[in-house]
Amino acid sequence: MRRREFITLVSGAAAFWPVAARAQQAGKLPTIGFLGADASAFGPWTAPFVARLRELGWIEGKTIAIEYRWSQGRTDRYAEIAAEFVRFWGEADIA
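Going along each chain's sequence as written, the residues are numbered from 1 onward. In view of the model being predicted, local features appear only for residues whose pLDDT reaches at least 70, and side-chain atom pairs are presented and counted only at 80 or more, with totals across whole chains, interfaces and linings using the full set of residues. As a rule here, side-chain values come from all non-hydrogen atoms in the structure, and water together with hydrogens is ignored.

Caption draft 1: Region of interest: the side chain of S71. Put simply, DSSP H or I for four residues or longer makes a helix, DSSP E for two residues or longer makes a strand, and each gets a number counted from the N terminus. Among the secondary structure elements, S71 is positioned in the loop between β2 (65–70) and α3 (78–89). It only takes one pair of heavy atoms within 4.5 Å for two residues to be counted as in contact. Other than its neighbours up to four places away in sequence, S71 contacts G36, A37, R77, Y78 and I81.

Given below as structure tokens:
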């Protein structure tokens, strides 16, 4: 994995974490939007990310949801996918 992809991963997850906390409605799980190049390239990063969340008490599918989106290596798709996240949570909930 290239350094730029890792930085995108970390910043993408960090950017959507506060959104997830604010955007939740009663009965819905807090959600993290995870944006990366492709699942196979990010596998070495997503597994430890989910494992660390579990260590902190966040269990995927039970106490938190993670919405994965992959650009398939096309950096031009990042803006499109970010817009999809905005639509998913609603523009009013994005800081």
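Caption draft 2: Highlighting the nonpolar core. Core analysis: the largest hydrophobic core is formed by 13 residues, its most contacted members being I32, F34, L35, F42, I66 and F85. Elements represented by at least two residues in this core include exactly β1 (31–36), α2 (39–55), β2 and α3. Looking at this core, the element that brings in the most residues is α3, giving 4 residues. As used in this record, nonpolar core signifies buried Ala, Val, Leu, Ile, Met, Phe, Trp, Tyr and Cys residues forming a set joined through side-chain atoms within 4.5 Å. Residue exposure (1.4 Å probe, protein chains only): buried if accessible area is under 20% of the type maximum, exposed if over 50%, otherwise partly exposed.

Caption draft 3: Seen up close, unusual backbone geometry. Phi angles above zero are rare outside glycine, and Q72 is one such case at about 60 degrees. One can find Q72 in the loop between β2 and α3. The exposure class assigned to Q72 is exposed, which follows from its relative accessible area of 55%.

Caption draft 4: Here's a closer look at the pattern of salt bridges. A side-chain nitrogen of Lys or Arg and a carboxyl oxygen of Asp or Glu constitute a salt bridge if their distance falls within 4 Å. In the structure shown here, the tally under the stated rule is 5 salt bridges. Its salt-bridge partner being E67, residue R69 comes within 3.1 Å of it at the nearest N-O pair. The exposure class assigned to E67 is partly exposed, which follows from its relative accessible area of 22%. Between R69 and E84 there is a salt bridge, with the nearest N and O atoms lying 2.4 Å from each other. Taken together, the residues R69 in strand β2 and E84 in helix α3 connect sequence positions 15 residues apart. Under the relative-accessibility criterion, E84 is labelled partly exposed at 26%. Bridged by salt links that share partners, the residues E67, R69 and E84 form one connected network.

Caption draft 5: Quick peek at the environment of W89. Relative to the elements of secondary structure, W89 occurs in helix α3. Of the residues examined, W89 reaches a relative accessible area of 8% and is grouped as buried. Linking W89 and T31, residues 58 residues apart in sequence, is a C-alpha distance of 9.2 Å.

All we've got here are geometric facts, nothing functional implied.
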